[in-house]
Amino acid sequence: MPAIPDWGDKRFEIMIGRLLRYGVFLAAAWVLVGGIHYLLQFHGTAMNYRVFHGESADLRFVREIVRGAAELNARGFIQLGILLLIATPVARVAFSVVGFALEKDWLYVGITLIVLALLIYSLSS
Amino acid sequence: MNTLEFTILVAVGSLLAGLLGSLTGLGGGVVIVPLLTLVFGVDIRYAIGASLVSVISTSSGSAAAYLKEGYSNIRIGMFLEVATTIGAITGAYLAASTPTRAIAIIFGVVLLYSAYSASRPPKTSSTDDPPDRYATLLKLDGDYPTAAGKEAYHVRHVPAGFSLMYLAGVISGLLGIGSGAVKVLAMDQIMRIPFKVSTTTSNFMIGVTAAASAGIYLHRGYIDPGIAMPVMLGVLGGALTGARILPGAKVRTLRMVFSLVIAALAVEMIFKGLKGSL
């Protein structure tokens, strides 16, 4: 097993951790802005989530969500923030591929690519 | 109830859940689904979708703090994530064909286990078993900081731990929770990884596992922005507040109380599931 410089490994991880935190804060701020917009528009509407309808297509697929948010549709705007949040762990895994490649740990580049492929499959299926 | 009232009440409930979850180390995710279904009468599928979103926010939001402490082992995490993500995708597909009554009952059982495992003090793992050849091959062994300097540890029973991690992934995907209790069981009790390393690595893995099923839930229309918004913001706010006051908090009593609350919610979930009134 090749000697891995401990500090380099850890520094890269901490950087990824910070990046994730910014991603989460950005997503939260986005959802908050969308949420205020949503409440100004729908605050008095009676709601009922007792019966499951499933969301319409414009809140289920990446392209439709982005389009809805661009049109400043409140629910679409919030949904884009949620999509951003779901993307943070995916970004973490993608950065880990780079991290392991920098260490020339090809076994873990492979393992991490499998995880990344599974995540992309889930998001695009 | 109108939308404004619903949003505020759900946000406050989620804030409390996030705060208690962070202070006790149990995670706020486990109580979100019972809170939404039992208290607010939300359909369990919407509740699971919102819960998954909140799980990702706390896991990703706290990753930086955990990584800085130097306990989490990124190789163990990444290797086991292969099992948890496959499990999470399986669980998300299973959720579509499982009757909601059955999901409620399974949820109750997992909640009871979480409450039980939380009320039990962590056992110190023995480290005199022979080394595991898979652990050596996969470079899973590592070290962690203790008061007496760095201490090395060896990972055992890799195939058994990997299999249990798959199950943890299925539970996470089916119920929309982080299933941290099962992850810690696999790492701490079976793979004999030191408790502190297990819990922090588990937290690190939870976000990736949840993201794997969140994609499928999103496509299936289970994630409603009107519910996910107050839940995500509330849980995240609560968890961040909890992390700030943690050093001075009296956690033991709180852990006991929260475990009892979880157990009560579990019984209610099972009861409602059996009656079919959820």
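About the thresholds
- Residues numbered from 1 in each chain as written.
- Chains lettered and ligands numbered in written order.
- Predicted model: local features only at pLDDT ≥ 70, side-chain atom pairs only at ≥ 80, totals over all residues.
- Helix = DSSP H or I, 4+ residues; strand = E, 2+ residues; numbered from the N terminus.
- Rg over C-alpha atoms; globule rule 2.2 N^0.38 Å.
- Buried ≥ 20, exposed ≤ 12 C-beta atoms within 10 Å, placed from the backbone.
- Contact = placed C-beta atoms within 7 Å.
- Expected span 1.5 Å × (residues − 1).
- Axes fitted to C-alpha atoms, helices over the stretch in contact; angles between N-to-C directions.
- Left-handed = near helix turned anticlockwise from the far one by under 90°.
- Core = buried A, V, L, I, M, F, W, Y, C linked by C-beta atoms within 7 Å.
- pLDDT = per-residue confidence, 0-100.
- Nonpolar A, V, L, I, M, F, W, Y, C, P; charged D, E, K, R; others polar.

1. Remarks on the overall build of chain A
Okay, step 1: The helix and strand inventory of chain A stands at four helices and zero strands.
Okay, step 2: Helices and strands in chain A line up, N terminus first, as α-α-α-α.
Okay, step 3: Its C-alpha atoms give chain A a radius of gyration of 19 Å, more than 25% over the compact-globule value 14 Å for 125 residues.
Okay, step 4: Dimensions along the principal axes, computed over C-alpha positions, put chain A at roughly 65 × 25 × 25 Å.
Okay, step 5: Residue burial in chain A is summarised as follows: out of 125 residues, 37% are buried.
Okay, step 6: A separation threshold of at least 6 residues defines the contact pool for chain A, and within that pool the share at least 24 residues apart is 53%.

2. Digging into the overall build of chain B
Okay, step 1: Looking only at helices and strands, chain B features eleven helices and two strands.
Okay, step 2: Listing each helix as α and each strand as β along chain B from the N terminus yields α-α-α-α-α-α-β-β-α-α-α-α-α.
Okay, step 3: For a compact globule of 278 residues, the expected C-alpha radius of gyration is about 19 Å, and chain B comes in at 18 Å, within 12% of that figure.
Okay, step 4: Based on the C-alpha atoms only, the size of chain B along its principal axes is roughly 60 × 45 × 30 Å.
Okay, step 5: Residues counted as buried form 58% of the 278 residues belonging to chain B.

3. What to know about helix 5 (residues 100–119) of chain B
Okay, step 1: Between its terminal C-alpha atoms helix 5 of chain B stretches 29 Å, which fits the 28 Å expected from 20 residues at 1.5 Å a residue.
Okay, step 2: Taken together, the buried positions of helix 5 of chain B are occupied by Ile103, Ala104, Phe107, Gly108, Val110, Leu111, Ser114 and Ala115 of chain B.

4. Here we look at the packing of helix 1 (residues 3–24) of chain B against helix 10 (residues 225–245) of chain B
Okay, step 1: Relative orientation of the contacting elements helix 1 of chain B and helix 10 of chain B amounts to 35°, with a least axis distance of 6 Å. The chirality of how helix 1 of chain B crosses helix 10 of chain B is right-handed.

5. Concerning the nonpolar core
Okay, step 1: Formed by 123 residues in total, the largest nonpolar core has its most connected members in Ile32, Val53 and Met232 of chain B.
Okay, step 2: Those residues in contact with valine 53 of chain B that sit more than four places away from it in its chain are Ile82 and Leu85 of chain A together with Ala214, Ile223, Ala228, Val231 and Met232 of chain B.

6. Structural notes on the confidence of the model for chain A
Residue and element names in this part refer to chain A.
Okay, step 1: Looking at chain A, pLDDT values average 87 and 93% of them are 70 or higher.
Okay, step 2: Looking over chain A, one finds the lowest element-wise mean pLDDT in helix 1 (residues 6–42), namely 85, and the highest in helix 4 (residues 106–124), namely 95.
Okay, step 3: Considering only residues more than four positions removed or in separate chains, one finds that residues 1–7, a stretch of pLDDT under 50, has three contacts.

7. Focus on the interface of chain A and chain B
Okay, step 1: Across the boundary between the two partners, chain A contributes 53 residues, which contact 53 residues of chain B.
Okay, step 2: At the level of secondary structure, the elements contributing two or more residues to the side of chain A that touches chain B comprise helix 1, helix 3 (74–102) and helix 4 of chain A.
Okay, step 3: With 16 residues, the top contributor of residues to the side of chain A that touches chain B is helix 1 of chain A.
Okay, step 4: Considered class by class, the residues forming the side of chain A that touches chain B number 31 nonpolar, 13 polar and nine charged.

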